[in-house]
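Residues per chain are reported as follows:
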2 protein chains.
Amino acid sequence: MTATVPAPGSRALPHPAHEEIRLEGVLHALADPMRLRIVRELAADGDELSCSHFDLPVTKSTTTHHFRVLRESGVIRQTYRGTAKMNALRRDDLDDLFPGLLDALLAAAARQSARLGSG
Amino acid sequence: MTATVPAPGSRALPHPAHEEIRLEGVLHALADPMRLRIVRELAADGDELSCSHFDLPVTKSTTTHHFRVLRESGVIRQTYRGTAKMNALRRDDLDDLFPGLLDALLAAAARQSARLGSG
DNA sequence: CGCTTCGTACGATAGACCTCGTAGTACGGC
DNA sequence: GCCGTACTACGAGGTCTATCGTACGAAGCG
C-alpha cells in the first residue's frame with residue numbers, strides 16, 4: 001500500500017516504497033559505471049536534473065533504461081515536468097534506510113575518480 | 001606489476017593489487033545475496049574462514065564461483081592451507097581505498113536483515 | 001495544425017551471470 | 001601406494017543485462 005501508485009490519467013511513474021528498497025538492488029544499480037556516473041552528477045548538483053542534462057556516451061534508449069533501473073531500485077525519484085523528466089536522488093529514503101551508505105559510496109566514487117584521473 | 005603473481009609450482013592465487021580494486025567491481029560483487037552473506041559472515045567472524053565453513057544453499061561449484069568473484073573483485077583474500085582454502089576480508093585495502101564504505105555496507109546489510117528477516 | 005524536443009516501447013543481439021553436474025587435481029592420513 | 005576430503009575446471013542451460021535502432025507518444029511553440 002505504500003508503493004507510489006501512478007494516478008489515473010496522469011503521467012506519474014511507479015516507484016518502490018521506502019521499505020521496499022533493497023540493498024542488493026541499490027548495489028546492483030550502482031555497480032554500473034553509467035549509472036554510478038548519473039548518481040554522482042545528481043549528488044553533485046544537489047537538485048533535480050532532467051534526463052537530457054546528462055551527456056552519456058550511449059543512445060537515448062539506453063539512457064532511458066539506466067534511469068529506469070535507478071528508479072526501480074529506489075535510488076532516484078522521477079517526475080514529469082512538461083516534456084522533461086526530472087530526476088532526484090532519494091537521499092532521505094536512502095539515508096533513513098542505510099545511514100551513511102550513500103555518502104560513503106559517493107566519497108568512494110570521488111576518491112577513485114581522483115585516483116584514476118578520469119575526473 | 002603490483003598484482004600478486006602466483007609463484008611457479010605453488011598454489012598461490014591471483015589477487016588484484018591494492019590499486020587495481022575498482023569500486024564498480026566491489027559493488028557488483030556485493031550486489032549478490034549469496035556473496036553479501038559470505039562477506040557478512042567473514043566480517044562477523046573477523047578472521048579467516050575456510051570455504052567449507054559456509055553452509056550456502058547452492059552447490060560447491062557455485063560456492064567456488066562466488067568466492068572467486070569476491071577474490072577477483074578485491075573483496076577477499078584467499079590462501080591455501082593444506083586442503084582447505086582460507087578466506088579473509090581485505091579490510092585494510094578496502095578501508096584505505098574507500099574509507100567507511102565497508103562499514104557502511106555491513107551496517108546497511110545488518111539493518112536490512114533486522115528489518116526484513118525479523119531475526 | 002504542423003514541427004520540434006524529450007522521452008518511451010518494442011524487438012533484436014551479444015555478452016555476462018548464476019546455477020548445476022561431472023570429472024579432475026592437490027593435500028593429508030593410513 | 002591408496003583413499004577420503006577440499007576445492008577446481010569445464011561445459012551447459014536458462015536467465016538477465018546493456019546496447020542499439022526504429023517507431024511511437026506527450027508537451028510546448030509557431
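Values in this document were obtained by computation on a predicted structure and should not be read as measured data.

Rules of the game
Residues numbered from 1 in each chain as written. Chains lettered and ligands numbered in written order. Predicted model: local features only at pLDDT ≥ 70, side-chain atom pairs only at ≥ 80, totals over all residues. Heavy atoms only, no water. Pairing = 2+ DSSP bridges. Helix = DSSP H or I, 4+ residues; strand = E, 2+ residues; numbered from the N terminus. Contact = heavy atoms within 4.5 Å. Axes fitted to C-alpha atoms, helices over the stretch in contact; angles between N-to-C directions. Near = heavy atom within 4 Å. Polar contact = N/O pair within 3.5 Å; in protein donor to acceptor, adjacent residues only side chain to side chain. Nonpolar A, V, L, I, M, F, W, Y, C, P; charged D, E, K, R; others polar. Buried < 20%, exposed > 50% of the residue type's maximum accessible area, 1.4 Å probe, protein only. Least-squares fit on C-alpha atoms with pLDDT ≥ 70 in both. Parallel < 35°, antiparallel > 145°, perpendicular 65-115°, else oblique.

**Student:** In this structure, what is going on with the sheet that holds strand β2 (residues 76–81) of chain A? I would like to understand it.
**Tutor:** Two pairing modes exist for strands in a sheet, parallel and antiparallel, and in both the strands are linked by backbone hydrogen bonds. Residue and element names in this part refer to chain A. Pairing in this open sheet of three strands is antiparallel, and the strands run β1-β3-β2 from one edge to the other. Of all strands in the sheet, those bounded by a partner on one side alone are β1 (49–50) and β2. Sheet topology places β2 next to strand β3 (residues 84–89); six bridges connect them, and they run antiparallel. If you follow Arg77 over to β3, its bridge partner there is Ala88. Against the sheet, helix α2 (residues 33–45) engages β1, β2 and β3, with an angle of about 80 degrees to β3. Where helix α3 (residues 60–72) meets the sheet, it contacts β2 and β3, and its direction lies at approximately 120 degrees from that of β2.

**Student:** Before we go on, may I ask you to explain the protein's contact with DNA strand D in this structure?
**Tutor:** Arg35(A), Thr59(A), His65(A), His66(A) and Lys85(B) are the nearest of the 24 residues found near DNA strand D. With respect to DNA strand D, the side chain of Ser61(A) contributes an N or O atom lying 2.8 Å from a base oxygen. The contact in question runs from a phosphate oxygen of DNA strand D to an N or O atom on the side chain of Thr64(B), over 2.9 Å. Among the secondary structure elements, those contributing two or more residues to the surface near DNA strand D are α2 and α3 of chain A together with α3 (60–72) and β3 (84–89) of chain B. Among the residues making up the surface near DNA strand D, the classes are represented as five nonpolar, 13 polar and six charged.

**Student:** Could you clarify how one ought to interpret the pairing of β3(A) in this entry?
**Tutor:** Every regular strand shows the same layout, with side chains that alternate between the two sheet faces. Residues and elements named next belong to chain A. Burial within β3 is extensive, with five of its six residues counted as buried. Examined bridge by bridge, β1 and β3 share two bridges and lie antiparallel to one another. Its bridge partner being in β3, Ser50 is matched across the sheet by Met86. Connecting β2 to the next strand, β3, in antiparallel fashion are two residues, including Gly82 with a positive phi near 70 degrees.

**Student:** Is there a simple way to explain the relation of the copies chain A and chain B in this structure?
**Tutor:** Taken together, a rotation about one axis and a shift along it account for how the two chain copies relate. Note on the identical chains: chain A maps onto chain B by a rotation of 180 degrees and an axial translation of 0.0 Å, with an RMSD of 0.2 Å. The superposition of one copy onto the other is thereby described by a two-fold rotation axis.

**Student:** Can you help me understand the packing of helix α2 (residues 33–45) of chain B against α3(B) in this one?
**Tutor:** To characterise two packed helices, one gives the angle between the axes of the helices and the distance between these axes. All names here are of chain B. Where α2 meets α3, the axes come as close as 10 Å, and the angle between the chain directions of the two elements is 70 degrees. By the angle between their axes, α2 is roughly perpendicular relative to α3. Across the interface between the two elements, Met34, Arg35, Ile38 and Val39 from α2 touch His65, His66, Phe67, Val69 and Leu70 from α3. Residue classes in the contact of α2 with α3 are distributed as six nonpolar, two polar and one charged.

**Student:** I would appreciate a short explanation of the sheet that holds β3(B) in the present structure.
**Tutor:** All names here are of chain B. Strand order in this open sheet of three strands is β1-β3-β2, and the pairing throughout is antiparallel. In this open sheet, the two edge strands, each paired with only one partner strand, are β1 (49–50) and β2 (76–81). Sheet strands in contact with α3 are β2 and β3, and its direction is about 120 degrees off that of β2.

**Student:** Is there a simple way to think about the protein's contact with DNA strand C in this case?
**Tutor:** Taken together, 24 residues sit near DNA strand C, with Lys60(A), Thr64(A), Lys85(A), Thr59(B) and His66(B) positioned nearest. The sugar-phosphate share of atoms of DNA strand C within 4 Å of the protein amounts to 69%. One nitrogen or oxygen atom from the side chain of Arg68(A) is found 3.3 Å from a phosphate oxygen belonging to DNA strand C. Thr62(B) is positioned such that a nitrogen or oxygen atom in its side chain is 2.9 Å from a phosphate oxygen of DNA strand C. Those elements giving two or more residues to the surface near DNA strand C turn out to be α3 and β3 of chain A together with α2 and α3 of chain B.

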